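A look at the structure
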Amino acid sequence: MRATRLVLALVLAFVVPAGVPTGPASIVAQSAPLQTPEQFFGFRIGADTKLARWDRMLEYYRLVEKASDRVRVRELGKSTEGHPFVVLEITSPDTLKRTDYFRSLQRRLYFQDGAPTAAQRDEVFESGKAVVVVTCSIHATEVGASQMALELVHRLATDSSPRVKHVLDNVIFLLVPSLNPDGQMMVVDWYNKNLGTEFEASPMPWLYQKYVGHDNNRDMYMFTQVESQLTAKLLWHDWFPSVWLDEHQMGSNGARIFVMPATDPINPNVHPLIYRWNGLFGQAQGAALEAAGRDGIIYNSTYTNFWQGAMAWSGWWHNQVGLLTEMASVRTASPTEQQRAQLGRPPAPAAEGGRGGGRGGGTGPLPAPTDVMPRTEYPRPWLGGRWTLRDIVDYELIATMATLEYAADRRETLLRQIYEVNRATVEAGRKGDPAAIVITPDTQPDPLAAYRLVDRLQIAGVKVYRADAAFSADDKNYPAGTFVVPMTQVFARYAKDLLEKQTYPEVRRSPTSPPEAPYDVTAWSLGLLVGVEVTFVKNPLPESLALTPVPASPRRAGAVTGSGAVFVFDYSGPEGAIAINRLLKAGASISSSRSTPGAGGGRTVVEVSGVTPRTMQDVAAALGLQARAMPKRTAGAATAVRTPRLGVYQPWTASMDEGWTRWVIEQHEFPYTTLHNADVKAGKLRDRFDVILFADQQPNSIVAGNASSSTRPEYRGGIGEDGVAALKAFVAAGGTLVMLGNACDLAIEHFPLPVKNLKRGLTRDQHFAPGTIMNVEVDTGHPLGAGVAARTYGFYNNSPFFALTEGFSSQQVSVAARYPNINVVASGWLRGEEHMAGRAAVVSVDLKPGRIVLFGLRPQHRAQTQATFPMLFNSLYQAAGQ
Ligand SMILES: [Zn+2]
């Protein structure tokens, strides 16, 4: 530590009231050390029922920064709700002074300025540091890691032991103490509010990230949320760390900690050496915990090696050693008691013992652990007893220090082998098959989708170029301006995995066992999700082809051509809805009509009047739209487009799909009102709304909500039978209900709809699709089909699919989208494809008056399914146009 800096910090922090000028530093005692977290917070970190809150944590970190020359706090940006999102850079004082140099070495290791020369490479091996990032508590109820980080930082800032020096000399440690500051404070406040009351275990009734809750760890390829974007920037634009540990918590009943490696299946696009290093680091953590005499350390369990979308997982395809730890949870910060088991003797399946196997719910003692057989991946099973937040903090301190020490011990080997993975990746691209992935924006049904796709790839660090001239590859011609993703780049594995079709390898414990469920979805082909065809080029591109890097956030130039007071543009994707909503807000009069069907079906043309050319110009430029001005309105059948009066149902069960839906609606600039149970029950809904939207939720959950007595009374229950009656009255008065996913069943059950949900009644052996991209045929002449390609891709995850049944003559039922008769699956895994062939995916029932729209396919799933966004938007516009 440098004395003067420390002294000044102490003066500012402890001695001088704000606004009083400081005197000479020498008058202050030099021995006052940095406060420990315990001194600063007034309790030992991890003490039962005690939680540090993010705003105070940040104060502490800033105090550490002032006191220590080993720690720098960098604000990367603001969280969704405007709180500082920070990384701490922790290393030796000498290294911290020269972070630009070490960052440049790390960039070289990851081939950011082309392949390094032999001399540059050797400099990396000799002088480079092991750059390790640790991210904490993205799932805000999994409080342990963020609490642990306080003690870890204090130790690294103050400890003068040889082990800590060894770490600081060899490692640059990037600590993100909270990946979700907003949620951290919500959870702490909720816990403190209920602590000591009968509602101590009451689940928080809203999402711990404003829009996406727990799905904030499902966003690392679409990057919709700012926390994901800031993390991507740190990882793939700023520091390029080689090791990335993301710290989580799991259920309360079994193993105490999961360490890597994870379990089958593996992903073919990850370099095997990355999986090896996963094992090395995970086992280093496990060994340190065993040495400390800790129980219940497991690997090769639960978490699979296949899936894209999670935080540290996404490092694998970026040639980074992505690691996960999962700790057994307590009840937020309250300890759990668990009945004891005997080693090697699983308890008989008991009647329901304690509850609360999840991340903090429930009361009473937990039932004894059932996994008590010692084995290679779990040599010292957890047998039950008391478990506290401090235990979590201790395990995580040991595991995190082990990660840093192992990185320090193996610094040069790690650098050499990561270099080898990077070199091999680039070299494989040079050989071809694939040599490049190309995307032609102007031949897509929605040209803007290609720009959105390229933007997402670039956030993930993928380098994308535009061809300066026309070229041919694999005997196909491509125009100038084609987007090119060369495979001769360090993140080629990621680009390939994101853009190809996924083939999920079915895993069975034995040949006669049923297939195991994947950990999450089985398909993420980004081109299909956004509605863009991509082409994999096998043979190397012509050497003469000049490529220009695509700038960040690429946009197609928007323009208004011609002259006149009426403007027309094609509605061919989500930007069309943003444009309509902006223009409606500016007072425009808007109608839409179908153009004459051509080879690919007709187009939907939007006609706008009542705004100035300047307004239209601004909208077109901002969104990349090509609009034409005309002297007067065209004759012909046109449908008025109005702003829908939209209500979105929000249950008190913290529904992620509701959050995602809300995010998509906000991003596309639809005004809306959130409806809670009481609002629905109050009735008279038609006076206020044209359309009410229910996100994916089981019907009984919509009606009954959280019924348990541990739920706070104000958040107990659902819409009830009163609410169902109010919805019926709403439709009878001409309102539209839009039901997503399982919410469709609420309408099918309570209205006489001539629709059957065929998914119901099928066993998992017969039909199972935990997250699959489907081929979808869309009736583009249907009001719901406007702005969507006639053949496109939709997301499906065990939600309904439909057959039409006999209805009343007063009802008019129509299918807006269906699955094809053959080749239903476009990407990912689905069992029982034959059940879905030719079946309806999106159905509209006109009840005259009133309408119900059933979305079996998920038009807005995790805000990723841009190709089908317009169908959702159309269901809203249609309701207002009645
Ligand atoms: Zn988690």
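The model shown is predicted, which means the values in this text are computed figures rather than measured ones.

**Looking at the overall build of the protein chain**
The number of helices and strands found in the protein chain is 26 helices and 37 strands. Whereas a compact globule of 882 residues would reach a radius of gyration of roughly 29 Å, the protein chain reaches 29 Å, a difference of no more than 12%. Taken over the C-alpha atoms alone, the protein chain extends approximately 85 × 70 × 70 Å along its principal axes. The burial tally for the protein chain puts 60% of its 882 residues in the buried class. Sequence separation of 24 or more characterises 79% of the internal contacts of the protein chain that already satisfy a separation of 6 or more. Surface accessibility of the protein chain: about 32800 Å² in total, with carbon and sulfur atoms responsible for 51%. Averaging the positions of the 87 positive and the 83 negative side-chain charges in the protein chain gives two centres separated by 2 Å.

**Observations concerning the pattern of salt bridges**
Here the structure, examined in full by the defined rule, presents 57 salt bridges. The salt bridge involving Glu290 is made with Arg380; its shortest N-O contact spans 2.8 Å. One end of the pair, Glu290, is in helix H11 (residues 272-291); the other, Arg380, is in the loop between strand E11 (336-338) and strand E12 (385-387), and 90 residues separate them in sequence. We note a salt bridge from Arg375 to Asp371, for which the minimum N-O separation is 2.8 Å. Assessed through its relative accessible area of 29%, Asp371 is described here as partly exposed. Salt bridges sharing common partners tie together Arg72, Arg74, Glu89, Asp100, Arg103 and Asp238.

**Here's the deal with helix H13 (residues 411-431)**
Taking 1.5 Å per residue, 21 residues should reach 30 Å; H13 reaches 30 Å between its end C-alpha atoms and fits that length. Every buried residue of H13 is listed here: Arg411, Leu414, Leu415, Ile418, Tyr419, Val421, Asn422, Thr425, Val426 and Gly429. One side of H13 carries all its buried residues, which in axial view fall inside an arc of 155 degrees.

**Things to note about the packing of H11 against H13**
It is at 10 Å that the axes of H11 and H13 come closest, and there the two elements cross at 155 degrees. Overall, the two elements H11 and H13 adopt an arrangement that is roughly antiparallel. Between H11 and H13, the contacting residues are Leu273, Ile274, Trp277 and Phe281 on the first element and Thr413, Leu414, Gln417, Ile418 and Val421 on the second. Residues that form the contact of H11 with H13 fall into these classes: 7 nonpolar, 2 polar and no charged.

**Notes on the coordination of the zinc ion**
In the first shell of the zinc ion, the protein supplies His139 (ND1), Glu142 (OE), Glu142 (OE) and His248 (ND1), at 2.1 to 2.5 Å from the metal. Positions of the donor residues of the zinc ion along the chain correspond to the pattern H-x2-E-x105-H. Here His248 lies in strand E5 (residues 243-250) and Glu142 lies in the loop between strand E3 (130-136) and helix H7 (144-158), a separation of 106 residues in the sequence. Residue class for Glu142 comes out buried when judged on its relative accessible area of 1%. When its relative accessible area of 3% is taken as the criterion, His248 is described as buried.

**Some thoughts on the side chain of Asn180**
Of note, Asn180 is situated in the loop between strand E4 (171-176) and helix H9 (181-194). Polar side-chain contacts of Asn180 include one of 3.2 Å to the backbone oxygen of Ile138. Among residues more than four places away in sequence, those in contact with Asn180 are Ser137, Ile138, Ala140, Tyr208, Gln209 and Asn216.

**As for the sheet that holds strand E18 (residues 535-537)**
Within a sheet, adjacent strands bond to each other through the backbone by hydrogen bonds, running parallel or antiparallel. The strand order across the open sheet formed by 5 strands is E18-E13-E17-E14-E19, and the pairing between neighbours is antiparallel. A single partner strand is all that each edge strand has here, and the edge strands are E18 and strand E19 (547-549). If you compare each strand with its neighbour and ignore which way they point, the axes differ by 35 degrees on average. Relative to E18, strand E13 (residues 436-439) is paired through 3 bridges, and the arrangement is antiparallel. Among the inter-strand pairings, Val438 is bridged to a residue of E18, identified as Thr535. Packing of helix H15 (residues 492-499) onto the sheet brings it into contact with E13, strand E17 (483-486) and E18, and relative to E13 it is tilted by some 50 degrees.

**Let's talk about the side chain of His782**
Relative to the elements of secondary structure, His782 occurs in the loop between strand E31 (772-778) and strand E32 (791-796). Of note is the side chain of His782, whose polar atom sits 3.0 Å from the backbone nitrogen of Leu784. When sequence neighbours within four positions are dropped, the list of residues in contact with His782 reads Ser814, Val815, Ala816 and Ser844.

**A closer look at the sheet that holds strand E25 (residues 639-641)**
Strand order in the open sheet formed by 6 strands is E20-E24-E21-E23-E22-E25, and the pairing between neighbours is mixed. With partners counted over all chains shown, the strands left at the sheet margins are strand E20 (559-562) and E25, one partner each. Along the sheet, successive strands turn relative to each other by an average axial angle of 30 degrees, direction set aside. In this structure, strand E22 (residues 589-594) lies alongside strand E23 (residues 604-609), joined through 6 bridges in antiparallel fashion. Across the sheet, residue Ile590 finds its bridge partner in E23, namely Val608.

**Quick look at the pairing of strand E24 (residues 626-630)**
Where E20 lies against E24, 4 bridges are found, and the strand directions are parallel. The residue bridging Thr561 from the neighbouring strand is Arg628, located in E24. For strand E21 (residues 566-570) and E24, the ladder comprises 4 bridges, and the chain directions are antiparallel. Among the inter-strand pairings, Phe567 is bridged to a residue of E24, identified as Ala629.

**Considering the confidence of the model for the protein chain**
Mean pLDDT over the protein chain: 93, with 94% of residues reaching 70 or higher. The model gives residues 351-361 a pLDDT under 50, and that stretch makes 35 contacts with residues more than four places away or in other chains.

**Focus on unusual backbone geometry**
That bond from Met260 to Pro261 is cis: its omega, 5 degrees, falls within 30 degrees of zero. Structurally, Pro261 can be placed in the loop between strand E6 (257-258) and strand E7 (263-266). A cis amide bond links Lys848 with the next residue in sequence, Pro849, at an omega value of 0 degrees. Residue position: Pro849 is located in the loop between strand E36 (840-846) and strand E37 (851-855).

**Considering the packing of H11 against helix H12 (residues 389-409)**
At a minimum axis separation of 8 Å, H11 and H12 run at an interaxial angle of 130 degrees. What the angle tells us is that H11 and H12 run oblique. In the crossing of H11 with H12, the sense of the turn from one axis to the other is right-handed. Only Tyr395, Ile398, Ala399, Ala402, Thr403, Tyr406 and Ala407 of H12 make contact with H11, whose side of the interface consists of Trp277, Leu280, Phe281, Ala284, Gln285, Ala288 and Leu289.

Cut-off values and rules
- Residues numbered from 1 in each chain as written.
- Predicted model: local features only at pLDDT ≥ 70, side-chain atom pairs only at ≥ 80, totals over all residues.
- Heavy atoms only, no water.
- Helix = DSSP H or I, 4+ residues; strand = E, 2+ residues; numbered from the N terminus.
- Rg over C-alpha atoms; globule rule 2.2 N^0.38 Å.
- Buried < 20%, exposed > 50% of the residue type's maximum accessible area, 1.4 Å probe, protein only.
- Contact = heavy atoms within 4.5 Å.
- Areas by Shrake-Rupley, 256 points an atom, 1.4 Å probe, with all protein chains shown as cover.
- Lys, Arg positive; Asp, Glu negative; His and termini not counted.
- Charge placed at Lys NZ, Arg CZ, Asp CG, Glu CD.
- Salt bridge = Lys/Arg side-chain N within 4 Å of Asp/Glu carboxyl O.
- Expected span 1.5 Å × (residues − 1).
- Arc of directions from axis to C-beta.
- Axes fitted to C-alpha atoms, helices over the stretch in contact; angles between N-to-C directions.
- Parallel < 35°, antiparallel > 145°, perpendicular 65-115°, else oblique.
- Nonpolar A, V, L, I, M, F, W, Y, C, P; charged D, E, K, R; others polar.
- Donors = N, O, S within 2.8 Å, 3.2 Å for Na, K, Ca; no water.
- Polar contact = N/O pair within 3.5 Å; in protein donor to acceptor, adjacent residues only side chain to side chain.
- Pairing = 2+ DSSP bridges.
- pLDDT = per-residue confidence, 0-100.
- Left-handed = near helix turned anticlockwise from the far one by under 90°.

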